Amino acid sequence: MTPLGLYSPGDSPLHRTPAGAKLLVLLVLVTAVVIVGSPAWLGGACVLVAAGYLVARIPWRRRVLPLLRTLLLLAVLVGALQVWLLGWQSALVTVLRLAASLAAAGLFTLTTRIDAVVATVERALGPLSRTGVRADRLGLLVGLTVQAVTTLSAIAGSVREAARARGAERSPTAFAVPFVVRTLRHADELGEALAARGIGDEDDHPTGPDTGPDTAARPGGNGRRVP
Amino acid sequence: MSARASSPATDLATTVVFAAFLAVLGLFPGVYVGATGVPIVVQNMGPFLAGVLIGAKRAVFAVVLFLALVAIGLPLLSGGRGGLAPFVGPSGGFLLGWILSALVSGLIAQAAARRGRPGLPVLLLAAFAGLVADYVIGVPWLAVYTGSWSTALTGSLVFVPGDLVKVVVAALIASVVHRALPGRLVGTRTR
């Protein structure tokens, strides 16, 4: 996993458009694509999205080709089934729908930084804060989870090594049970570390896990132990 | 390790770590089951496995957090997929169904846990109900996409055998883990 996620750095007009605006356009486009049933209009939508990729100057070999391969595979799989069961016309419509909405969603993800998405979501959920939803916790949760992915990957690697050393690499439980047990233990340790920093330990928010004070410590401090 | 009273910090940590757990299931290329030699992708057993391990509430939050991370563009789904595309695609319903899957499996396992450590049969039932819940969302979504129930059902049928294996594996894992670390399911105090 790259630290940037699926974001493809750039300075095109599409990259500079605010995340909220792009999200709205995407929402409208995907809704329209589901409603509209004419192949000509759907083809037009595909061309529009393809033009977006050109404007955003998405790297051809590293980003566009893998996407095209996925789309082609889906089109062949879904299309074949549809042609067989429903005929050419509806198969074409489905495949075009698929191509337009998947490519448009991909374009949003490729041209929008993760922190910009987080900020937009936090702002959009802001009005919900009166109902107890802590939108401002999202950034912290993202950071903590990405940290935990790294830790669990390391745990998974060492557990798999241990299973291999015992010649039990083909048995699912020989890997999974120690992995799950150590995952739960890691959750305990992280819980202790968070409690020590006063995160999540106030009872005024009845919404459960995603609560905590604003003075939250950054994730990845020295409160965590990596087994 | 004895059963512990769960605090909000522990709940938060469990949620975060299980969201990461779902992600790690996607990083792994696959697990070999029996002697078939065919690796099966394990990520979609994550929701009902989480449900029967840590209970409905924390499992649901973990799945929602994980899906949110995918949606904002982290490549955490099997095969390094991420962003909004998987949600608008034909199998988007199966992704959203994970939330219901975690809820249903967690509620059943917790109901059983109130009467002592849940045994293998009830864990099997909980995991299976979780799988069914996922299909309940996923198949109609696919049908909307393809415009016909028959293609949606035919397309989903391929995955049923593998998914049933995952239900059994999840229940086996959970029954052993609950023996090793008791008291995880009840966890959260009722407020």
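Residues numbered from 1 in each chain as written. Chains lettered and ligands numbered in written order. Predicted model: local features only at pLDDT ≥ 70, side-chain atom pairs only at ≥ 80, totals over all residues. Heavy atoms only, no water.

## As for the overall build of chain A
As a reminder of what qualifies: Numbered from the N terminus, helices here are DSSP runs of H or I no shorter than four residues, and strands are runs of E no shorter than two. Each residue is placed in one exposure class: buried if its accessible area under a 1.4 Å probe, protein chains only, is under 20% of its type's maximum, exposed if it is over 50%, and partly exposed if it falls in between. Only heavy atoms matter for contacts: two residues are in contact if any of them lie within 4.5 Å across the pair. Residue exposure ignores everything except the shown protein chains as possible cover, and the areas themselves are Shrake-Rupley values with a 1.4 Å probe.
Across its full length, chain A carries eight helices and zero strands. For chain A, the succession of helices and strands along the chain, N to C, is α-α-α-α-α-α-α-α. Expressed as a percentage of the 227 residues in chain A, the buried residues total 42%. The long-range fraction of contacts in chain A, counting pairs at least 24 apart against all pairs at least 6 apart in sequence, stands at 69%. In the form shown here, chain A has an accessible surface area of approximately 12,000 Å², with 66% of it arising from carbon and sulfur atoms.

## Re a nonpolar patch on the surface
All names here are of chain B. Stated precisely, the cut-off is as follows: Surface patches are defined over residues having more than 30% relative accessible area and no salt bridge, joining like charges when they lie within 9 Å and nonpolar side chains (Val, Leu, Ile, Met, Phe, Trp, Tyr) when within 5 Å. Definition used for salt bridges: Asp or Glu carboxyl oxygen within 4 Å of a side-chain nitrogen of Lys or Arg.
A surface patch of nonpolar side chains, about 450 Å² in accessible area, is lined by L96, F128, V132, V136, I137 and L164. Among the elements that line the nonpolar patch, the one with the most residues is helix α6 (residues 120-146), at four residues. Relative to the helices and strands, L164 is located in helix α8 (residues 160-180).

## What about the packing of aromatic side chains?
Test applied: For Phe, Tyr and Trp, rings pair up if their centres lie within 6.5 Å, where Trp contributes its six-membered ring, and each pair is then called stacked (planes under 30 degrees apart), edge-to-face (over 60) or tilted (otherwise).
A complete count under the given rule lists five aromatic pairs over all chains for this structure. Residues F175 of chain A and F179 of chain A carry aromatic rings whose centres are separated by 5.4 Å and whose planes lie at 25° to one another, so their mutual orientation is stacked. With F175 of chain A and F179 of chain A both in helix α8 (residues 172-196) and four residues apart, the pair spans about one turn of that helix. Owing to a relative accessible area of 2%, F179 of chain A belongs among the buried residues under this scheme. Ring plane angle 85° and centroid distance 5.4 Å describe the contact between F94 of chain B and Y135 of chain B, whose orientation is recorded as edge-to-face.

## Re the nonpolar core
The following threshold applies: As used in this record, nonpolar core signifies buried Ala, Val, Leu, Ile, Met, Phe, Trp, Tyr and Cys residues forming a set joined through side-chain atoms within 4.5 Å.
F66 and I173 of chain B are the most contacted members of the largest nonpolar core, which totals 106 residues. With 13 residues, helix α1 (residues 8-27) of chain B is the largest single contributor of residues to this core. Once residues lying within four places of it in the same chain are set aside, the contact partners of F66 of chain B are A19, L22, A23, Q43, L76, L77 and W98 of chain B. In terms of nonpolar packing, the next biggest core, distinct from the first, is built from six residues, V33, L42, L96 and A100 of chain A among them.

## Some remarks on the environment of L74 of chain A
Tracing the backbone shows L74 of chain A in helix α4 (residues 60-86). Measuring from C-alpha to C-alpha, the distance between L74 of chain A and A99 of chain A comes to 8.9 Å, with 25 residues separating the pair along the chain. Not counting residues within four places of it along the chain, the set of residues in contact with L74 of chain A comprises G79, L98 and L102 of chain A together with P90 of chain B.

## Details of the pattern of salt bridges
With the rule as written, the count across this model stands at six salt bridges over all chains. The salt bridge involving R16 of chain A is made with D11 of chain A; its shortest N-O contact spans 3.6 Å. Across the pair D163 of chain B and K166 of chain B runs a salt bridge whose closest N-O atoms are separated by 3.1 Å. One end of the pair, D163 of chain B, and the other, K166 of chain B, are both in helix α8, three residues apart, so they sit about a helical turn from each other.

## Details of the confidence of the model for chain B
Residue and element names in this part refer to chain B. Note the threshold: pLDDT expresses how confident the predictor is about each individual residue, on a scale running from 0 to 100.
Of all residues in chain B, 87% attain a pLDDT of 70 or more, and the chain-wide mean is 84. By mean pLDDT, strand β1 (residues 31-32) is the weakest element of chain B at 53, and helix α2 (residues 46-54) is the strongest at 95. Counted against residues more than four places away or in other chains, residues 33-38, with its pLDDT under 50, gives seven contacts.

## A closer look at the packing of α2 of chain B against helix α3 (residues 56-71) of chain B
Residues and elements named next belong to chain B. So the rule is basically this: Helix axes use the C-alpha atoms of the stretch in contact, all axes being lines fitted to C-alpha atoms, and the angles between their N-to-C directions lie in the range 0 to 180 degrees. Left-handed describes a crossing whose near helix is turned anticlockwise from the far helix by less than a right angle; the clockwise case is right-handed. Note that Gly is not counted as nonpolar here; it falls among the polar residues with everything else outside the nonpolar set of Ala, Val, Leu, Ile, Met, Phe, Trp, Tyr, Cys and Pro and the charged set of Asp, Glu, Lys and Arg.
Where α2 contacts α3, the axes come no closer than 7 Å and their chain directions differ by 150°. Crossing of α2 against α3: the hand is right-handed. Between α2 and α3, the contacting residues are P47, A50, G51 and I54 on the first element and A56, R58, A59 and V63 on the second. Here the contact of α2 with α3 is built from residues that sort into six nonpolar, one polar and one charged.

## Some details on the interface of chain B and chain A
Short version of the rule: Reported buried area values correspond to the accessible surface (1.4 Å probe) lost by two parts on association, with both partners' losses combined. The term polar contact refers here to a pair of N or O atoms within 3.5 Å; inside protein, the definition further demands a hydrogen-donor-capable atom paired with an acceptor-capable atom, and it admits residues adjacent in sequence only when both atoms are side-chain atoms.
Opposite the 60 residues of chain B that make contact, chain A presents 62 residues. Buried surface at the junction of chain B and chain A, both sides included, amounts to about 5,400 Å², of which 78% is carbon and sulfur. Looking only at chain B, the three residues that lose the most surface to chain A are L12, I72 and Y145 of chain B, adding up to 12% of its buried area. The partner of D188 of chain A in a salt bridge is R184 of chain B, with the nearest N and O atoms 3.0 Å apart. Taken together, the connections running from chain B to chain A amount to two residue pairs in polar contact (both at pLDDT 80 or more). When residues in the side of chain B that touches chain A are grouped by element, the largest group, 17 residues, is from α1 of chain B. Its residues assigned to classes, the side of chain B that touches chain A shows 37 nonpolar, 16 polar and seven charged.

## Points about helix α6 (residues 114-125) of chain A
Residues and elements named next belong to chain A. Heads up, the condition is: Each residue after the first adds 1.5 Å to the expected span of a helix. Regarding the arc, it is the one traced by the directions from the helix axis to the C-beta atoms.
Taking 1.5 Å of rise per residue, twelve residues should cover 16 Å, and α6 covers 16 Å from first to last C-alpha, within 8% of that figure. By the burial criterion, the buried members of α6 are I114, V117, V118 and T120. Buried residues of α6 fall within an arc of 165° about the axis and therefore sit on the same side. Looking at the buried side of α6, the elements it contacts are α2 (19-35), α5 (88-111) and α7 (138-165).

## Some details on the packing of α2 of chain A against α5 of chain A
Residue and element names in this part refer to chain A. Applied cut-off: Orientation categories follow fixed angle ranges, with anything under 35 degrees roughly parallel, anything over 145 roughly antiparallel, 65 to 115 roughly perpendicular, and all other angles oblique.
Direction vectors running N to C along α2 and α5 enclose 175°, while the axes themselves pass 9 Å from each other. The orientation of α2 relative to α5 falls into the category roughly antiparallel. Each of A19, K22, L23, L26, L29, V30, V33, V34 and I35 in α2 lies in contact with α5, whose residues at this interface are R97, A100, S101, A104, A105, F108 and T111. Class assignment of the residues belonging to the contact of α2 with α5 gives a composition of twelve nonpolar, two polar and two charged.

## Some words on unusual backbone geometry
Residue and element names in this part refer to chain A. Of note, R57 is a non-glycine position whose phi angle comes to about 50°, a positive value. For R57, the location among the structural elements is in the loop between α3 (39-55) and α4. Overall, the relative accessible area of 72% leaves R57 in the exposed class.

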